[in-house]
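Chain residues, written in single-letter form:
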Amino acid sequence: MIKTTGTGEQLEGLRLGVNIDHVATIRNARGGRHPDPLRAAHIAIEGGADGITAHLREDRRHISDSDIARLKGELTRPLNLEMAATDEMVAIALRHVPNACCLVPERREERTTEGGLDVSGGAGHLEGVIDQLKATGIRVSLFIEADPTVIELSARLGADIVELHTGAYCEKALADDVAGVARELERLSAGAELAMAAGLEVHAGHGLTYNTVKAVARLPQIVELNIGHFLIGEAIFGGLTAAVQHMRALMAQARREA
Ligand code: PXP
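On a predicted model such as this, the values are computed, not experimentally measured, just so you know.

Caption draft 1: Just the nonpolar core, in detail. With 64 residues, the main nonpolar core has Ile52, Leu103 and Leu133 as its most contacted residues. In this view, Leu103 contacts Met83, Ala85, Leu117, Leu126, Val129, Ile130, Leu133, Val140, Ser141, Leu142 and Phe143; residues no more than four positions away in its chain are not counted.

Printed below as a string of structure tokens:
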């Protein structure tokens, strides 16, 4: 499949899911409604995002329940709901029926999703959650480390998709650890190959930046990358000049009209 993005670039079979959680983080720093994650989602789609990802955390630190309702109601592209495999989150997913649910581990004290799901430890529970979600037509993804045992178990539990955690690779890249980068990429590559052979759709994400995306995007088995924090950060730099110019223009206009 060849697609044209908003910037005219050709992508072959590799989708981009944009995670808009941190637009909500900025909004929540002040309360109120600005900046609105739904507006960010529309802009991301205009820019070429194939889907939108949002993580409804147990503590609602960024995305809220009403954000999920609005995203589901108004988005023109698929919504991927990231969530813990808890009864509360399953009930919310069954109410909104997003295109996909990505089950992630969640600890209140963590800043972000720090590792992959403990699929072996929670196999019985996860299998039940996967069945419930799939019964309503939701595609189910498990956010996992690229570990052969975990990949094979994910397939046996009935997951449609595995999203391979790229956090360790990105950390090694940030630390300029060349051998570590090579090791992590090899792990991701072998994991992607194994997952595809097991009949799973393969996604990847976490911590990806302009510097780290290409090596992962080259892996032929991966059909979707989910990227959030870096893109929202870069959007500040890309958009701040225009925002300041617009504010100055309004100020000048007010003086002229006074
Ligand atoms: N994929 C999953 C499953 C995640 O939990 C996250 C972080 O919310 C991401 C992708 C995106 O990671 P980042 O915000 O670091 O790009």
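Caption draft 2: Focus on the pairing of strand S8 (residues 161-165). Along S8, five of the five residues are buried, which leaves the element largely enclosed by surrounding structure. Neither face of S8 is left uncovered, since the one carrying Ile161, Glu163 and His165 and the one carrying Val162 and Leu164 both have all their residues buried. Bridge count between strand S7 (residues 139-144) and S8: four bridges; the pairing is parallel. What sits directly across from Ile144, in S8, is Leu164. Two elements, S8 and strand S9 (residues 201-205), share five bridges in a ladder whose sense is parallel.

Caption draft 3: Summary view of the site of the ligand. Lining the immediate environment of the ligand, one finds 14 residues, of which Glu82, Glu163, Gly207, Gly228 and His229 sit closest. Within the side chain of Asn19, one N or O atom sits 3.4 Å away from an oxygen atom of the ligand. Here an oxygen atom of the ligand sits 2.8 Å away from a polar atom, N or O, in the main chain of His229.

Caption draft 4: Local environment of the pairing of strand S6 (residues 100-103). A two-sided burial pattern is seen for S6, the buried positions comprising Ala100 and Cys102 on one face and Cys101 and Leu103 on the other. As defined by bridge partners, strand S5 (residues 79-83) adjoins S6 across four bridges and the pair is classed as parallel. Considered in S6, the bridge of Leu81 is made with Cys101. In this view, the connection linking S6 to its parallel neighbour S7 by way of helix H5 (residues 123-135) has right-handed handedness.

Caption draft 5: Structural context of the side chain of Glu201. Turning to its location among the elements, Glu201 is positioned in strand S9. Glu201 has contacts with Arg15, Arg139, Asp160, Ile161, Val162 and Val223, leaving out every residue within four places of it along the chain.

Caption draft 6: Expanded view of the sheet that holds S8. If you trace the eight strands once around the closed barrel, you get S3-S4-S5-S6-S7-S8-S9-S10, paired in parallel fashion. When the angles between neighbouring strand axes are averaged without regard to direction, this sheet yields 25°. The pairing of S6 with S7 spans four bridges and is parallel. Of the residues in S7, the one forming a bridge with Leu103 is Leu142. Here helix H3 (residues 65-74) sits on the sheet and contacts strand S4 (51-55) and S5; the angle it forms with S5, its principal contact strand, is near 160°.

Caption draft 7: Structural context of the packing of aromatic side chains. Overall, the coordinates contain one aromatic pair when judged by the stated rule. Considering the side-chain rings of Tyr210 and Phe230, the 4.7 Å spacing of their centres and the 85° angle between planes classify their relative orientation as edge-to-face. Here Tyr210, found in the loop between S9 and helix H9 (213-217), pairs with Phe230, found in helix H10 (residues 229-257); they are 20 residues apart in sequence, far enough to count as distant. Judged by its relative accessible area of 22%, Phe230 falls in the partly exposed class.

Caption draft 8: Broad picture of unusual backbone geometry. A cis amide bond links His34 with the next residue in sequence, Pro35, at an omega value of -5°. Of note, Pro35 is situated in the loop between helix H1 (21-30) and helix H2 (37-46). Despite not being glycine, Asp176 has its phi angle at roughly 55°, a positive value. In this fold, Asp176 is placed in the loop between helix H7 (167-174) and helix H8 (178-197).

About the criteria used
Residues numbered from 1 in each chain as written. Predicted model: local features only at pLDDT ≥ 70, side-chain atom pairs only at ≥ 80, totals over all residues. Heavy atoms only, no water. Core = buried A, V, L, I, M, F, W, Y, C linked by side-chain atoms within 4.5 Å. Buried < 20%, exposed > 50% of the residue type's maximum accessible area, 1.4 Å probe, protein only. Contact = heavy atoms within 4.5 Å. Helix = DSSP H or I, 4+ residues; strand = E, 2+ residues; numbered from the N terminus. Pairing = 2+ DSSP bridges. Near = heavy atom within 4 Å. Polar contact = N/O pair within 3.5 Å; in protein donor to acceptor, adjacent residues only side chain to side chain. Right-handed = clockwise from strand over helix to strand, strands pointing away. Axes fitted to C-alpha atoms, helices over the stretch in contact; angles between N-to-C directions. Phe/Tyr/Trp six-rings, centres within 6.5 Å; stacked < 30°, edge-to-face > 60°.

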